[in-house]
Structures are given as C-alpha cells and as structure tokens.
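Results of the structural survey
What follows is the residue order along each chain.
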Amino acid sequence: MDTPDDIRRKLVISANIAFDALLREEDIPMFGIRTVTDGDIRAFKAHGFVCKLLATAKAAEKPAANIAQLVQQLEFLRASATWDEVYTRKDVSFGTLRFSGKTYDPALADQVKAVREACKKGLEQRTRWFANDSAQVLADLWASAGAARGIISLVRQFEADFSRLKRARRILDFSDLEHSTLDLLLGKSRTGLTAAARELGGRYREVMVDEYQDSNAVQDAIFTALTQQKQNCFMVGDVKQSIYRFRLADPQIFLEKYGSYAPAEAARPGQGRKILLSSNFRSGGEVISGINDVFAACMSVRVGGLTYGPEEALREGAPHTPLGEAATELYVLEVTDGDAYDKEAAFTAGKIREMLASGATVRQEDTLRPVTPEDIVILLRSPGTMADAFRAALEAEGIRCALDGGANLLETPEVSTLIALLQVVANPRQDIPLLAVLASPVFGFTADDLAAFRAACKKGTVYDALCRSTGEKAAYFLETLAVLRRKARLEPLTQLLQACLGLTRLDSIYGAMPGGKARKENLQLFFQLAVDYEKSSLRTLSQFLEHLQTLGGSQVAASGSSAGCVTIMSIHKSKGLEFPVVFLCGLSRKFNQESLREGVLCDPELGLGLMVADTAVRVRYPSLARLAISAKMNREAVSEELRVLYVAMTRAKDRLIMTYAAKKAAEDVRELALRLGLTGREDLCREARCPGDWVLLSALHRTEAGALRGLSDVTLPGSVSDHPWVIRYLDTHEEGETVEEQEPQE
C-alpha cells in the first residue's frame, strides 16, 4: 500500500510528465507553449521582409514596433524552464495593431494581421491551462487521486466479477482469447517465452501478417512470441491507411519497424528488412499525381505519423489509357442560406446527372466507355448525419442510390413506416411513432395539418388531440387504426401484417416511388422476418416489437442489388474497395472531438485524466493530467483524420471529385492563403479543423487555382503540374442557383 509520501512523489512525477508533454514540440500540435513561440517567431522574425517592408512606410512604424515588442515577449515566454515561470510570463500583451496613411501595403498588412490573430487565439488556448501555479496544480492532482483509485478499484472488481460469470458459463470473448494466448506463450508474468511458445513457433516456416498497420499491442506480442526464435515474421501493411484507432490499432508499432528496418538490399543477415511497395495498379496517373501533391504537402511525422517523401509517394504501376481531360476536381461551395449538407448534396447530384448525360468516360481495360451509375460512389466521413441529404438529392434528379452498398432493412423508409404503424396499433398513445405514421406518404398529413389539430387540443397526447379532430384525414386514420387494433387482438402476427398492407396500400405507395421494386422487396423481406419469428411459437405483436428493438443495433440487410445505383458509403467501409469515380464530399465537416469530452480520459503512458471538483464554488475543471492526455489524444486524432483522407482519395480509379461546402467558404480560403504566406505549411497542417483544410492548402499552390487565390490579395508561389485539376469557387444565390467565379489569369 502506498504511503502518502509515495503518492505525492507519483503525483509530482505525473505533473512533470504532463508538463513535458505540453511543452515538447514533437508531442503537441501548433500552439503548445514552446511550439507556439517558435512558430510565431518564425512568422514574425524569420521572415524579416515583413518588418522591412512595413518599415519602408512611415505610417507602418507603430505596427513594426508592435511586432518587435510581441516577438520579444514570445521569446521571453519560450525561455521558460519551469511551470511557475510559464505561469508568471503567460500574459503576453498584443497591444493594438493599427495601420494608417496610404503608403503601406494593404495585402501585407492583411497577412500580418492574420498571423498575429492566429498567434493570439492559439496562445490564449494554451496559456489558459497555466491558470494556477505549480502548488495548486499538484493540489488538484492530489484531490483527484482518490477518485482515480476508486475508478481503478471499480474496474478491477468489475473485471473479476465478469470473469467469474464467464467461467461459470464456460465462455470466452475475443479479448479473453487474445490474453489467454499471451498467457500460453509468455506466461502470466510475461517474463519470457514459454516451452509452448517455442514448440508452436517451431511449427511454422513463415508467419504472414496482413494489414499490419492495424495491429494492436496484444496482437503484436503474439506475433513476436511465435517468431522470436526463427525471425520468420513477414508483415505487409501501409501505415498511411491505419484508420482503426478506435479499435486500439496502434500505428506506432508499424512505424517503429518502418524506421528501424533497413532496405532489403542493404540489410545484414538476421537484420529486419523492409521492401517498399509504392506501385499503384488501381488508379490512373492523373489521380495518383493529385494524391501525391496533397500528402507531400500535408503528411509529416507530426501529422500522419511519417514524412510523405519520394519513397512513400505512389507510382503508377501500369500505364492507363489517357482520359483526355482533368481527372481530379475540387469545388468550393459558398452556402449563403439553408443547410450546407443539402446544398452540397444538390450540387453533387447535379454533377452526377451532368456526367451521366454528357457521356463522361471511364476506363475499361485498354479502352474508354461512358460512365454508369454503378461506377460512382459518394464517400462521406459520417454518413449517419449526411447520407439522407445525398439520397434525397439523387432521387430528386431521378438517380437511384444504395446506402453503404446495402442499407439496414429496419432503417429503410418503407419498413420504418410499417414498424411505426405496428407500434401505434400496439399503443396509439406513443407520440413519435404516431407522428411518423401520420406524416408518412401513407396518410399524408402535412405540417399544417398536424399543427392544426394539435393547436386545438394542447393537453394530453397527440392521439387524444387526433381523436378530437373533425378533419377527413383524421377520420380515415382513426377508422383504419380501429380495424387494425381489432385484428391485432384476434389474429396472428402475419395476418395482422397482411391487413396493414392491404388496408393502407403501403406497398403500392412506396412501390410507385423511385426505386420502387427494391422498396417492395424490402417489405417482403420484413414480412418474411415476421414469418420466421412466428414459427418458433405463438407470438404477440408486443413480443415482435420487442424483438425488433433487440435487432435495432444489428445490420439486417435490405434488398437491392447495387446495379444501376450510385453508392453512398462511409470512408471506413470503402477501405479495400475501388471505384471508377469517387465523389469525396463533406470536406468542410469539422473533426469529431467527442472522445476528448469523456468524463475520464485514459492513456497508456500518462495514465488517467480526471476533472477536479471544487466543492466550495461548485465548479469542475480539468486536472493537469487530463489536459496533457487530451492534447496527446487530439494530436493522434488529427493524424488519423489525415490517414482517413488518404484512404478516401486512394479509392478512385479514374476520377476524383471533391467538394467543400461552408457558409463562410471564401473566408476559410482567404484565411489559409493569408497565413500560408507567413506561417509554415506544417504548422497549418497541424491546426487543420477539417479534411478540407489539407486539400485547400495543397490546391492554393496550384496555378489552376486562380478562383481560390483570387479570394485574397496575397501572392502565393504557384506550381505547374503535368496533371492539372479543375478547381472552381461557386457561390449559391437565394434562388438555389450556383454562380461560378471566373478564374483570374495568372
């Protein structure tokens, strides 16, 4: 049992580790204390031409003095060696930056203001962590130590109880199998190879591991134990495609070997060796060139895990028939009204319709052929929140689509409407299912209809209000419901379902919609699901609804061949697949940071990060350990998001079309362009808020990006590519039209 002195010593060590993690440049993205000052001094001082140009105008003397004073304060802060020194020096005064007169360069002034504002925001974000001196920080850690011990004790007790129940039932889960295997190979104390490990390892001439970049520490320990004697482990992987961190995949395992193994031709006998497989046989040279441009600009050790250099760059594995036009396109959409998802979806659907109508070509062996709907996929980072908008937009254009290559049967509109009707039959005083049924195409209540009868009876349930309504739609619905509720009491489940379909003509209504054949097949599949359920014994409607609820989290495959359909799919599900035409949409969607808001944060190195509760003033705030873990998790999450973007872009065979839609898209581009002129590109990559930031950073350096470069007054160096992109900035008007900004001549 630790003594109070032991615990205090551990707390001090934890504080040192956390402080070190906050300050180490390699561990923290832009705006860690030292990183902030290095980056900002590079922006203000290393680019001496800024002050020089400002000084040429008499009106810029005060701004130049302001910058010089700011640099001096930042250097003083950077020199901090202890927590308390940062605490006492953190209040940097930015003063007032004013440009007067007519002799200064407005474009240059905008650049300086952009970098200065970014520095100010970033510094405020980091220095707020140093709100207390070291004594208070340690006191906070001490205050949270009891809660940490309690959580650990609770988890251990849960593990013991859970393991005892599993043993009683003679079952093992997958994690048990992994750890039991380690017990077998390394012993419970993990001290070294057991006799079983030597005997088992000796059986294999070669142990081959695919997708090695997605291995976790337990799996890697198993591989190592089996191959330690013979050194016969053959691993294949691409760390740029490691996108399963939520499953505990650890790309550092791959990167450690990638960095330490020698090239095969130079490796000594017995030394780990690596063979680079850079040839890409999937994509055409135009798409490969675009991918290389983006990731050479954005991927580094700090963002993504490794530097995307010549060895990591893709090469066309086999010559492809030229398309005769640009294969990579980027559209930046300015959304002035309405929902950004709807606007982006409408633009994408219109672009697909245009491609299908114009006979745009894709490759088929050594020839070209017109594109078909099944050649096209729309990749989304989070389809759950965006897929419906894209499906509706495609259907509005008369284009069939399939979600994720196969939607969940229970979530299709036709089946979910039928389930809601069954719920209302079982209990009409359920507001949500009742409203879903009323507003469905089956009964056709409009929003005004619903509001009218509810306004006439504001008390009670929606069903109570509906019963008091005198409208024809309400009368028809109540009459139908009465018949179905009577049948539910007297007839078996399958006969009730037949009555639901017969009375409402639900199958005919949905069958008349786009994709009607697949919709009717989905209803037939659902009916068969009820038949199979009823076969086990006599089942009631309420029991069947409970059964459906248990199936809610499972994937029940809907009907439908994807033939003739555009596919809407998540990026994770697309891994390992390929498509002639990829629409990569939702690039402006901000990274999900929900995991950083969990009540307890965990890290293998930094331990537990908890909130501190101050009962005197009734507030909760993060401890130092939590802040350090949060910063590390954020860095790892941003790196994984860049790898997710890599997976998405490399799904394209012939054409890659990307869209970035935001309400302030022009401002986003302008801010990037202004800062790109003074701030290092790597710093901006670490600060990315969405995947589109990385794509825009690369696009802004292309000469064909005149439409984007014209949004700011800054002059950026441009590079000419053998495979130019189509890059457009489009502004949406109130009427829903899109107006293309002409590219300025460069």
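Residues numbered from 1 in each chain as written. Predicted model: local features only at pLDDT ≥ 70, side-chain atom pairs only at ≥ 80, totals over all residues. Heavy atoms only, no water.

1. So, the overall build of the chain
Counting its regular elements, the chain contains 29 helices and 20 strands. Here the chain holds 746 residues, and the buried ones make up 48% of them. Of all intrachain contacts in the chain linking residues separated by at least 6 positions in sequence, the fraction that spans at least 24 positions is 73%. Surface accessibility of the chain: about 37200 Å² in total, with carbon and sulfur atoms responsible for 52%. (Helix = DSSP H or I, 4+ residues; strand = E, 2+ residues; numbered from the N terminus. Buried < 20%, exposed > 50% of the residue type's maximum accessible area, 1.4 Å probe, protein only. Contact = heavy atoms within 4.5 Å. Areas by Shrake-Rupley, 256 points an atom, 1.4 Å probe, with all protein chains shown as cover.)

2. Observations regarding unusual backbone geometry
A negative phi angle characterises most non-glycine residues, just as the trans form characterises most peptide bonds. In this structure, Arg505 is a non-glycine residue whose phi angle is positive, near 55°. Counting through the fold element by element, Arg505 comes out in the loop between α20 (493–504) and α21 (506–511). Despite not being glycine, Arg618 shows a phi value in the positive range, around 60°. Residue class for Arg618 comes out exposed when judged on its relative accessible area of 76%.

3. Section: the packing of helix α15 (residues 413–426) against helix α16 (residues 431–438)
Packing of α15 against α16 brings their axes to within 8 Å, and their N-to-C directions diverge by 130°. By the angle between their directions, the pair α15 and α16 is classed as oblique. The chirality of how α15 crosses α16 is left-handed. Along its contact with α15, which presents Thr417, Ala420, Leu421, Gln423 and Val424, the element α16 presents Pro433, Leu434, Ala436 and Val437. (Axes fitted to C-alpha atoms, helices over the stretch in contact; angles between N-to-C directions. Parallel < 35°, antiparallel > 145°, perpendicular 65-115°, else oblique. Left-handed = near helix turned anticlockwise from the far one by under 90°.)

4. Side note on the side chain of Ser639
Along the chain, Ser639 falls in helix α25 (residues 624–649). We classify Ser639 as buried; its relative accessible area is 7%. Those residues in contact with Ser639 that sit more than four places away from it in its chain are Arg302, Val303, Gly304 and Gly305.

5. As for the pairing of strand β17 (residues 619–622)
Remark: a regular strand shows side chains that alternate across the two faces of the sheet. Where strand β16 (residues 611–614) lies against β17, four bridges are found, and the strand directions are antiparallel. Directly across from Asp614, in β17, lies its bridge partner Val619. Hairpin connection of β16 to β17: four residues between the antiparallel strands, including Arg618 at a positive phi of 60°. (Pairing = 2+ DSSP bridges.)

6. A closer look at the environment of Met633
Inspection of the secondary structure puts Met633 in helix α25. The spacing of Met633 and Leu596 is 37 residues in sequence and 7.3 Å in space, taken between C-alpha atoms. Those residues in contact with Met633, other than ones at most four positions away along the chain, are Arg245, Ser595, Leu596, Leu601 and Cys602.

7. Quick look at the side chain of Thr494
Tracing the backbone through its elements, the reader meets Thr494 in helix α20. Judged by relative accessible area, Thr494 falls into the buried class, the value being 14%. At a separation of 2.9 Å, a polar atom in the side chain of Thr494 contacts the side chain of Glu534. (Polar contact = N/O pair within 3.5 Å; in protein donor to acceptor, adjacent residues only side chain to side chain.)

8. Description of the pattern of salt bridges
Overall, the coordinates contain 35 salt bridges when judged by the stated rule. One salt bridge connects Glu636 with Arg245, and the closest N-O pair in it is separated by 3.7 Å. In this pair, Glu636 is assigned in helix α25 and Arg245 in the loop between β2 (233–235) and α11 (251–260), connecting sequence segments 391 residues apart. Residue classification places Arg245 among the partly exposed residues on the basis of a relative accessible area of 26%. (Salt bridge = Lys/Arg side-chain N within 4 Å of Asp/Glu carboxyl O.)

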